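Summary of the model geometry
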Amino acid sequence: MKLGLEGRTAVITGAAGGIGAETARVFAAEGARLALVDRDHEQLEVLAKELSESTAVTAVTGDLSSAAGVTEALSAALDALGGGADVLVNNVGQCRARGFDELTDQDWLETFEINFLSAVRAARLVLPSMRARGRGAIVTNASDLARQPEAGPADYQVSKVALLSLTKSLALSEGPAVRVNAVAPGPVWTPLWTRPGGFADTLGDVHGRSAKEAVEYELSKRQLPLGRMGAPDEIARVIAFLASDAASFVTGSTWGVDGGSIRGLL
């Protein structure tokens, strides 16, 4: 499926693995030029080398958990693309399974720095060039838990709610030139879950089970109609659609890619 992304420029954060890497692959297949940002230098370089066979790719190693880190990394990414980008994909984020009483003020602040403020700061840097060009698309990776919270992790869920509100605000303020949307994935088997100390491991600590057993237990509570976790490429294809002219009348929306986890009508 050709989405009209050929020749477009895109910045993708959290691009070294999982949904970010698959999004980069989809954009590369569509012919977009890419600037990929992640703190995992080694994996980012591997991906950039893979994709450079089909399109122009720049890998930018950076930590987006601080204002200085976002400014440095995004400025380098935009410079590599000629000073601006047609598309921004806000994908970077973190999640740890922790009970409410375990969360300190510092934990809340750190979660908001990486999950929410990274998107705010990245948008602040890309919007001037989008306004000047008279076009642009921002797609932010949120979560089904922003619309249908579970008991926890509270800090992660609340940070994702903030992203949905930001999406609506920017869609209103930046239209008609710039479209701003979000995807809300359900459980997706990515490094966020699988890395040592990631969500699966910390979920095991919470439930007093092995990581695998804890994940199976959580999924049983979700009662997903499709009966499985999602794959990163299933989210990536929706992100590419929202970034493309195929979604030219879509802005301010949240697209659930969640295996049916959301039970409400809206």
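Presented here is a report on the structure given in the accompanying data block.

What counts as what
- Residues numbered from 1 in each chain as written.
- Predicted model: local features only at pLDDT ≥ 70, side-chain atom pairs only at ≥ 80, totals over all residues.
- Heavy atoms only, no water.
- Helix = DSSP H or I, 4+ residues; strand = E, 2+ residues; numbered from the N terminus.
- Buried < 20%, exposed > 50% of the residue type's maximum accessible area, 1.4 Å probe, protein only.
- Pairing = 2+ DSSP bridges.
- Phe/Tyr/Trp six-rings, centres within 6.5 Å; stacked < 30°, edge-to-face > 60°.
- Right-handed = clockwise from strand over helix to strand, strands pointing away.
- Polar contact = N/O pair within 3.5 Å; in protein donor to acceptor, adjacent residues only side chain to side chain.
- Salt bridge = Lys/Arg side-chain N within 4 Å of Asp/Glu carboxyl O.
- Axes fitted to C-alpha atoms, helices over the stretch in contact; angles between N-to-C directions.
- Parallel < 35°, antiparallel > 145°, perpendicular 65-115°, else oblique.
- Left-handed = near helix turned anticlockwise from the far one by under 90°.
- Contact = heavy atoms within 4.5 Å.
- Nonpolar A, V, L, I, M, F, W, Y, C, P; charged D, E, K, R; others polar.
- Core = buried A, V, L, I, M, F, W, Y, C linked by side-chain atoms within 4.5 Å.

Moving on, we get to unusual backbone geometry. The omega angle of the peptide bond from Gly152 to Pro153 is 5 degrees, so this bond is cis rather than trans. Along the chain, Gly175 connects to Pro176 via a cis peptide bond; the corresponding omega equals 5 degrees. By secondary structure assignment, the location of Pro176 is in the loop between helix H5 (154-174) and strand S6 (178-185).

A word on the pairing of strand S4 (residues 87-90). A two-sided burial pattern is seen for S4, the buried positions comprising Val87 and Val89 on one face and Leu88 and Asn90 on the other. As defined by bridge partners, strand S1 (residues 9-13) adjoins S4 across 3 bridges and the pair is classed as parallel. The residue of S4 that forms the bridge with Ala10 is Val87. With 4 bridges connecting them, S4 and strand S5 (residues 136-141) associate as parallel partners. For Val89, the partnering residue across the bridge sits in S5 and is Val139.

Attention now moves to the packing of aromatic side chains. Applying the stated criterion to the full structure yields 2 aromatic pairs. Summarising the aromatic geometry, the rings of Phe112 and Phe116 are spaced 6.1 Å apart at their centres and angled 70 degrees between planes, so their arrangement reads as edge-to-face. Taken as a pair, Phe112 and Phe116 lie in helix H4 (residues 105-133) at a separation of 4 residues, close to a single helical turn. Residue Phe116 is classed as buried on the basis of its relative accessible area of 17%. Between Phe241 and Trp255 the ring centres are 5.3 Å apart and the planes differ by 55 degrees, which places this aromatic pair in the tilted class. Taken as a pair, Phe241 in helix H9 (residues 232-243) and Trp255 in strand S7 (residues 254-257) lie far apart in primary sequence, 14 residues in all. Residue class for Phe241 comes out partly exposed when judged on its relative accessible area of 22%. Judged by its relative accessible area of 33%, Trp255 is partly exposed.

What follows concerns the pairing of strand S3 (residues 57-61). In the sheet, strand S2 (residues 33-38) pairs with S3 via 5 bridges, with the strands oriented parallel. By the bridge assignment, Leu34 is partnered in S3 with Val57. Handedness of the crossover is the feature at issue here: the chain leaves S2, passes through helix H2 (residues 41-51), returns alongside S3, and the resulting connection is right-handed.

Moving on, we come to the environment of Ser173. Here Ser173 is to be found in helix H5. Its relative accessible area of 47% is what places Ser173 among the partly exposed residues. A polar contact of 3.5 Å, which involves the side chain of Ser173, links it to the side chain of Glu174.

This part takes up the pattern of salt bridges. Applying the stated criterion to the full structure yields 11 salt bridges. Among the salt bridges present, the one from Arg8 reaches Asp245, with a minimum N-O distance of 2.8 Å. One end of the pair, Arg8, is in the segment before S1; the other, Asp245, is in the loop between H9 and S7, and 237 residues separate them in sequence. Here Glu22 makes a salt bridge to Arg25, at a shortest N to O gap of 2.8 Å. In this pair, Glu22 and Arg25 both sit in helix H1 (residues 18-29), 3 residues apart, roughly one turn of the helix.

Right, let's talk about the sheet that holds S5 for a bit. Taken in spatial order, the 7 strands line up as S3-S2-S1-S4-S5-S6-S7 in an open sheet, and their pairing is parallel. Single-partner strands in this sheet number two, and they are S3 and S7. Across the sheet, the axes of successive neighbouring strands diverge by a mean angle of 15 degrees, strand direction being ignored.

Let us look at the packing of H1 against H9. Any two packed helices are characterised by the angle at which their axes cross and by the distance between the axes. Their axes nearest at 8 Å, the elements H1 and H9 cross at an angle of 55 degrees. On the basis of their axis angle, the class for H1 and H9 is oblique. The crossing of H1 and H9 is right-handed. Contacts between H1 and H9 pair Gly18, Ile19, Glu22, Thr23, Val26 and Phe27 from the former with Pro232, Asp233, Ile235, Ala236, Arg237, Ile239, Ala240 and Ala243 from the latter. Class assignment for the residues of the contact of H1 with H9 results in 9 nonpolar, 2 polar and 3 charged.

With that settled, the discussion passes to the nonpolar core. Within the largest apolar cluster, 33 residues are counted, with the highest numbers of intra-cluster contacts made by Ile12, Phe27, Leu34, Leu36 and Ile239. Where this core is concerned, the elements lending two or more residues are S1, H1, S2, H2, S4 and H9. Counting residues per element, this core draws most heavily on H9, at 7 residues. Among all residues touching Ile239, those that are not within four sequence positions of it are Ile19, Thr23, Phe27, Val89, Val139 and Val183. Residues Leu74, Ala77, Leu88 and Leu166 belong to the second largest nonpolar core, which totals 30 residues.

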